[in-house]
Amino acid sequence: MINQIIDRRELAPAVTLLEVVAPRIQRRWKAGQFVIVRPTDHSERIPLTIMDSSPERQSISMVVQAVGKTTQETVALQCGEAFADLAGPLGEPATIPAGKRVVCLAGGVGVAELLPVARAYRDAGNQVIVLCGARSNEYRILDTELRAGAGPVHWATDDGSFGFHGNVVALLKTLAGPGAFDEGHVIGPIPMMKAAADATRDWHLKLYASLNPVMIDGTGMCGGCRVTVGDSVKFACVDGPEFDAHRVDFDELARRNGAYRTHERLALEHGNGCRIGLDVR
Amino acid sequence: MKPSPPRPKPDPKAPRQPLPLLDPALRHTPAEVALGFTGEQAKIEALRCLQCQKPTCIDACPLNIDIKRFILRMVDGDYAGAHEVISEQSPFPGVCGRVCQHELFCEEACIVGRRWDPVAIGALERFAADHARLRMQELVKGEPRKPTGPKVALVGSGPASLIAAYDLVRLNYRVTIFEALHRLGGVLAYGIPNFRLPREILHEEIARLQNLGVEFVTSFIVGKSATIEELFEEGYEAVFLGTGAGLPYLMEIPGENLAGVYTANEFLTRLNLMEAYRFPERPTPVHVGKRTVVVGGGNSAMDAARWARRLGSETTILYRRGRAELKARIEEIKHAEEEGVRFEFLAAPVALYGDPHGFVTAMECIRMELGEPDESGRRSPAPIPGSEYRIPAETVVAAIGQAPNPTLQRVTPQLHTRRGKIVIDEAGRTSMNLVFAGGDVVRGGSTVILAMKDGRAAAAAIHRALSPNGGNHDQPDH
Ligand SMILES: Cc1cc2nc3c(=O)[nH]c(=O)nc-3n(C[C@H](O)[C@H](O)[C@H](O)COP(=O)(O)OP(=O)(O)OC[C@H]3O[C@@H](n4cnc5c(N)ncnc54)[C@H](O)[C@@H]3O)c2cc1C
Ligand SMILES: Cc1cc2nc3c(=O)[nH]c(=O)nc-3n(C[C@H](O)[C@H](O)[C@H](O)COP(=O)(O)OP(=O)(O)OC[C@H]3O[C@@H](n4cnc5c(N)ncnc54)[C@H](O)[C@@H]3O)c2cc1C
Ligand code: SF4
Ligand code: SF4
Ligand code: FES
């Protein structure tokens, strides 16, 4: 059945992999693209990156971090249940060069979003090194998959419980410097992407960031996902989500993403409140 | 046939019946504003029609609804019959009776209008539709029909595709409508607010198509989920592109990306499609502060401003031309005024200012003056240097127009476009074989009824192309 969940695994606390039947998306998607889902018929539309696919099972996989109401509704779905809506593949695929020295940086659930891009780099004949950040050892995800599919992986943890003690950008600076790489890709929390862009500004490296603004339709219709890149305003859902990291206005992105914080808390409380009295279908 | 009672004589001199409206003091919910005629009013208004020898109204209706005949049924009190007459041409009287610009089409051509006010055709059409709702259950009962003719794909579920689907499915084509969003109706669903077009009306009239055998596929973006070529490979023999003009223009002024600054599309989508007015019962929020400024002078501007008023915000529409140049329908402007929307003419935004958290707090405006008429006949506004002033605003909505949604065009370079609009010939054909287009994607922003006109023309062209002998495919039983 289309949109049905056929595998569900918890990779780390509050981080869940969902494999979903989606034959058309499986046939067409490319690294860097995403889907818009509504987990239930009364949910918001949220974007999720396509992490992997299986032609045999005609499926795609996403890794979801439960941060608010809709992501919680998403990971609450069990095998055999189906997303109410699943649209994609959306956005432009990642830019994949050939024969370059490439560094990949990811933090948190961004590690999952990075995996297909890192694999595509390697498959196109680039030399790839992957640097990942996690809160602590138990939050590390997809290490084996990255090593097998992309290249050597180095970890940084905030508490030092595994690998480098500190954040992933600090790790990058200890490992490399100007001229070490031709290209790079960064994906993760906004402060981390901003730090990566700042750190590499004069490294003579083309750095792409995969941005995560708030989206509604994901089809270029609302303009809610607009981001400033250099002198121009872009719609991340159709022009991106990947942009030149050195030209992105990350401060603006952070402000825009925080614009609904009070509402998000209310939505969550409302959802939880309802669950006490009502039988959740 | 049962004998009908003697018919009263037409009375065009009777005053045109005013549409009863919801008291402005009660307009703080999404409830519909125009309440529709009472039975008594419908009778009086129907009798105003002269039953002309040469009914000019019919030619003026882009759907050629047999207005004269449906009104005659109403004179006889046969409202179901009136609905059936309309249905010969259009299954959407509930939609058109509300949002069609009848003042520019059927009513403009009505003979009665030469001496008195024209017959209120739109309101009568709506009355017939509202009456039919009572028996909608009956209209859509039973299993959907199963057409057996060639497969046709219609892209987008706006009015252009919807009417094309109606025409094609009745010719027994197997019609599939592919829609990018999770709900059907295009702008009718995400743009036009509930208080002008209640969602149930839209859903019910679309459900009729479903019952006739039209298949709907939502969350399917042609160009992304599948290309046009792939649709042909999957057995579709013709494709119609009714993808609309959904790409919003930005104001391109400093501060536009502050929180609280929306395009009309985003603002209206949050409210209409995602029902943000019910937040937190519905999960999508919207920021509506103490004061809202809506920039623009068209339908979207009125709709956004009227929503903002309903959410309790002091609302101003800022328009760079004068009142006479407003593009919205007179009715919408009147309703907005009744609801307390303030208009500020001959002024344009130049910058937005925000607080340290990135929320908009004020708009800097500049006064404009109208210059000489340009080649289009419209007087173009020019800023008056040094006339800048500031107004407070916690919510700003840019309702300054839309361009065709480019998603499909981007991945289909063989499709000829001009300034983003898909180019078609007089038969609705694009540069691709057996691919047709119509509605806003061809015209840029236009209207529901013109989109329907295009959809109907394209359906006819598709029928000619797929059935060169003009032959009907076997009609299904019904
Ligand atoms: C192109 C794209 C791809 C994405 N891919 C993934 C993915 O593969 N896996 C995944 O877990 N998440 C992904 N995200 C982020 C995900 O869409 C958001 O976490 C989700 O929309 C939050 O919804 P919510 O209702 O659960 O939380 P909300 O209640 O809306 O927000 C909870 C918290 O998350 C923050 N937040 C809200 N929206 C976003 C956002 N778009 N990005 C980051 N933080 C946000 C808020 O500031 C808030 O603090 C992606 C986002 C984009 C734009
Ligand atoms: C706020 C607002 C109020 C208006 N009020 C009025 C009014 O009162 N009266 C009036 O006559 N006109 C009004 N209009 C104009 C009118 O709504 C439009 O002219 C009309 O809807 C155009 O119809 P359409 O079928 O061409 O496209 P649309 O209604 O725009 O529908 C296009 C549909 O195609 C979908 N789509 C786009 N790309 C793809 C793709 N690649 N694959 C699948 N689906 C796709 C979109 O999601 C959308 O649902 C209004 C417009 C707006 C924005
Ligand atoms: S569809 Fe429009 S033009 Fe035609 S009769 Fe109805 S209101 Fe008049
Ligand atoms: S033109 Fe006016 S009066 Fe004549 S048939 Fe049409 S609606 Fe009636
Ligand atoms: S999410 Fe609406 S335009 Fe990108």
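Residues numbered from 1 in each chain as written. Chains lettered and ligands numbered in written order. Predicted model: local features only at pLDDT ≥ 70, side-chain atom pairs only at ≥ 80, totals over all residues. Heavy atoms only, no water.

As for the site of ligand 1
All names here are of chain A. The environment of ligand 1 is made up of 23 residues, and the closest members are Pro47, Val63, Gln65, Thr71 and Asn212. Note that an oxygen atom of ligand 1 is positioned 3.2 Å from one of the side-chain N or O atoms of arginine 261. About the coverage of ligand 1: the protein hides 85% of its 850 Å² of free accessible area. Of all the secondary structure elements, the ones that give two or more residues to the shell around ligand 1 are β4 (46–49), β6 (59–65), α2 (69–75) and α9 (261–277). Of the residues forming the shell around ligand 1, the biggest block, four residues, is contributed by β4. Across the shell around ligand 1, the residue classes tally to twelve nonpolar, seven polar and four charged. (Near = heavy atom within 4 Å. Polar contact = N/O pair within 3.5 Å; in protein donor to acceptor, adjacent residues only side chain to side chain. Areas by Shrake-Rupley, 256 points an atom, 1.4 Å probe, with all protein chains shown as cover. Helix = DSSP H or I, 4+ residues; strand = E, 2+ residues; numbered from the N terminus. Nonpolar A, V, L, I, M, F, W, Y, C, P; charged D, E, K, R; others polar.)

Some remarks on the interface of chain B and chain A
Across the contact, 46 residues belong to chain B and 42 residues belong to chain A. Among the residues of chain B in contact with chain A, Lys224, Asn257 and Pro283 of chain B are the three that bury the most area, contributing 19% of the side total. Note that arginine 410 of chain B is salt-bridged to aspartate 239 of chain A, the shortest N-O span being 2.9 Å. Listing elements by their share of the side of chain B that touches chain A, those giving two or more residues are β5 (247–248), β6 (261–263), α13 (264–273) and α16 (407–410) of chain B. The element contributing the most residues to the side of chain B that touches chain A is α13 of chain B, with four residues. Tallied by class, residues from the side of chain B that touches chain A come to 20 nonpolar, 17 polar and nine charged. (Contact = heavy atoms within 4.5 Å. Buried area = accessible area lost by both parts, 1.4 Å probe. Salt bridge = Lys/Arg side-chain N within 4 Å of Asp/Glu carboxyl O.)

Some remarks on the domain arrangement of chain B
Residues and elements named next belong to chain B. Examined at the domain level, chain B breaks down into domain 1 (30–139), domain 2 (151–246 + 404–466) and domain 3 (248–402). Domain 1 and domain 3 are separated by 34 Å when their C-alpha centres are compared. Tallying the contact residues gives eight residues for domain 1 and seven residues for domain 3. For the pairing of domain 1 and domain 3, the buried interface totals around 580 Å² over both sides, and the portion due to carbon and sulfur atoms is 52%. On the domain 1 side of the contact with domain 3, Pro30, Val33 and Gln101 bury the most area, a combined 65% of that side's loss. At the surface where domain 1 touches domain 3, the tally comes to one salt bridge. Taken together, the connections running from domain 1 to domain 3 amount to two residue pairs in polar contact (both at pLDDT 80 or more). Grouping the amino acids of the side of domain 1 that touches domain 3 by side-chain chemistry returns four nonpolar, two polar and two charged. (Domains from an automatic or database assignment.)

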